[in-house]
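Structural overview
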Amino acid sequence: MALRQLMQDAVKSLKPAPDALDHLRHAVPARRTRRRQAVAGAAAAFLLACTAVPALLHAANTADQQDTTAAGVSNPNEPRQDTGGAGESSQDDTGGPADTGTSEGSAPAPSATPSPNPSPTSAPGATVAPTPSGSTGRTAPTCDRAQLGSGASRTGAPDAKGNVYGWFRVANVSAKGCLVKGGGALTVIAQGSADASKIQVLDHTLGDPATGLPDVAAAPLVLQPGDTYEVRFAWVPDAAGPNGCPAPPTPTPTPTTGGGSTSGSSSNNGTSASDNTPAAADEPPTPGPASVAVSHTPEAGAPAVADTTIPDACAGTIYKTTALAPR
C-alpha cells in the first residue's frame, strides 16, 4: 500500500498538455493508415516475386535451349565440309585458311519438310494399276450397248413368306473399261392365269417388303474388260393367295337324278339324247399354269440381255436394285 501511495504522489502533479486530445485524434488514424500501407506493400512484393520467378525460370530454359540448338547447328570442333566446286580454292584472299564460321562457307540447313512421294506416273517405266471391278470412280466413258453381253440370270425358291429372290448378271465383253450408271429396266410378262394388271416393278428402298435385298446407295460402277455387274430382284406376291394367286374354289358335288333307264331312242329320227349336248369345242380353253417372265435391259438400251421366269406367280410386286458389284 505504501508503494502504491508513493507512485500516486509522484504523478499527481503531472497534467496533460492542452492539445493532447487533438494530437491523439490525428495520430491514431495516421498510424493505422501506415500499418495498412505497409501490409499492402508487403503483399504486392510477395505477388511480384511469385510472378517473376516462373518468368525468370522460363527465360533461363529458353536461353539454354537456344544455346543447345546453336551448338548443334554450328560446332567449331566439327570438320568443315567444302561445298565449293572442284576448281575453287579453300583459302581466302590473304592466302590464309578460309573462315570456318557459319556466316560464310557453311551449307544451308536441309529443309525439315519431307518431299512428297512422287506420282506413280512420274517415274520412268511406272504403270498405273487398273480400276478394280465395283469401284465408283468416274475414270471411264459410259458403257454402250455393244460393250455389254454374256447375260445370266438366277431365280431361287420361295422363302417362308413366299418371296422369291434372284439376280441378273451382265459382263463387259469389250476390250475397254466403261462406266455403268444405273440398274437398267426389268420387263415383266404375265403368262397363263397370271394377272398382268396386278404386277408392278419398283425400285428397292429401305423399309420395303424385300428385306433380303441389300440396302446400298446407287453409285456408278467401272467395269474393266471381263468384269460383271448384278441387278438383284425380289418377287413379293400379293396376299390374296399362294404366290398372289386366288385360292382354288371348293368343288361342289353334282346331284344325281333318280329314275329308271329308258331303252330305245327318244326320238323318231334315230338320234340319241346324247347327241343334243353342246360340243366340247364351245367351252372356253383352260388357261395354263400361272407364271411371270422377267427380262433385264441394261441402262444403255435394248435389246434385253437376260431373262428368267418366276413359276406359280399370279399377282405381286418385283423390287429391283441398281447395278451392284457381284457378291
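Cut-offs used in this document
Residues numbered from 1 in each chain as written. Predicted model: local features only at pLDDT ≥ 70, side-chain atom pairs only at ≥ 80, totals over all residues. Heavy atoms only, no water. Helix = DSSP H or I, 4+ residues; strand = E, 2+ residues; numbered from the N terminus. Core = buried A, V, L, I, M, F, W, Y, C linked by side-chain atoms within 4.5 Å. Buried < 20%, exposed > 50% of the residue type's maximum accessible area, 1.4 Å probe, protein only. Contact = heavy atoms within 4.5 Å. Patch = residues over 30% accessible without salt bridge, like charges linked within 9 Å, V, L, I, M, F, W, Y side chains within 5 Å. Areas by Shrake-Rupley, 256 points an atom, 1.4 Å probe, with all protein chains shown as cover. Salt bridge = Lys/Arg side-chain N within 4 Å of Asp/Glu carboxyl O. Lys, Arg positive; Asp, Glu negative; His and termini not counted. Charge placed at Lys NZ, Arg CZ, Asp CG, Glu CD. Pairing = 2+ DSSP bridges. Axes fitted to C-alpha atoms, helices over the stretch in contact; angles between N-to-C directions. pLDDT = per-residue confidence, 0-100. Phe/Tyr/Trp six-rings, centres within 6.5 Å; stacked < 30°, edge-to-face > 60°. Lys NZ or Arg CZ within 6 Å of the ring centre and 35° of its normal.

**What about unusual backbone geometry?**
Cis rather than trans, the peptide bond between A302 and P303 has omega equal to 5°. The phi dihedral of S150 is positive, around 55°, even though this residue is not glycine. Looking at the element boundaries, S150 is found in strand β1 (residues 148-155). A positive phi angle is found at D312, which is not glycine, with a value near 50°. By secondary structure assignment, the location of D312 is in the loop between β9 (306-311) and β10 (316-320).

**Details of the nonpolar core**
Membership of the largest hydrophobic core comes to 23 residues, with the highest contact counts inside it found for Y229, W235, V292, V294, I310 and I318. Where this core is concerned, the elements lending two or more residues are β2 (164-172), β3 (178-180), β6 (221-223), β7 (228-237), β8 (291-297) and β9. In terms of residues, this core owes the most to one element, β7, which gives 4 residues. Ignoring anything within four residues of it in the chain, the contact list for I310 reads T155, V164, F233, W235, S291, V292, V294 and I318. Membership of the second largest hydrophobic core comes to 5 residues, among which are A210, L213, A234 and V236.

**Comments concerning a positive patch on the surface**
Where like charges cluster on the molecular surface, the positive patch consists of R31, R32, R34, R35 and R36. Here R36 shows up in helix α2 (residues 20-73). Take R36: its relative accessible area is 55%, and that puts it in the exposed class.

**Overview of the sheet that holds strand β5 (residues 199-203)**
Overall, mixed pairing links the 5 strands, which are arranged β1-β2-β7-β10-β5 in an open sheet. With one partner strand each, in any of the chains shown, β1 and β5 form the two edges of the open sheet. Averaged over all pairs of adjacent strands, the angle between their axes in this sheet comes to 20°, without regard to strand direction. Pairing geometry for β2 and β7, over 8 bridges, is antiparallel. Residue pairing for β7: R169 is matched across the bridge by E230.

**Let's talk about the environment of T211**
With respect to the secondary-structure elements, T211 resides in the loop between β5 and β6. Linking T211 and N163, residues 48 residues apart in sequence, is a C-alpha distance of 9.7 Å.

**What about the confidence of the model for the protein chain?**
For the protein chain, the average pLDDT comes to 74, and 62% of its residues sit at 70 or higher. Confidence drops under a pLDDT of 50 for residues 110-137, and excluding neighbours within four residues, the segment shows 23 contacts in the predicted structure. Within the model, pLDDT remains below 50 along residues 260-268, and this stretch shows 2 contacts once partners closer than five positions in the same chain are excluded.

**Considerations on the packing of aromatic side chains**
Applying the stated criterion across every chain, the model contains 1 aromatic pair. Note on F168 and F233: the rings are 5.4 Å apart at their centroids and 35° apart in plane angle, and the pair reads as tilted. Taken together, the positions of F168 in strand β2 and F233 in strand β7 put the pair 65 residues apart, joining distant regions of the chain. Under the relative-accessibility criterion, F168 is labelled buried at 0%. In this arrangement the basic side chain of R169 is found over the ring face of W167, its NZ or CZ atom lying 4.2 Å from the centre.

**Regarding the sheet that holds strand β4 (residues 185-191)**
The antiparallel open sheet is built from 3 strands, whose spatial order is β4-β8-β9. Each edge of the open sheet carries a strand with a single partner, namely β4 and β9. Strand after strand, the sheet turns through a mean of 20° between neighbouring axes, direction not considered. Here β8 pairs with β9 via 6 bridges, running antiparallel. Note on β9: the bridge partner recorded for H296 is A306.

**Observations concerning the pattern of salt bridges**
All told, the structure shown has 3 salt bridges when counted by the stated rule. For the salt bridge of R169 with E230, the shortest nitrogen-to-oxygen distance reads 2.3 Å. In this pair, R169 is assigned in strand β2 and E230 in strand β7, connecting sequence segments 61 residues apart. A relative accessible area of 1% places E230 in the buried class. In this structure, R232 engages E230 in a salt bridge whose closest nitrogen and oxygen atoms are separated by 3.1 Å. Side by side, R232 and E230 carry an identical accessibility label, which is buried. Connected through shared salt-bridge partners, R169, E230 and R232 make up one network.

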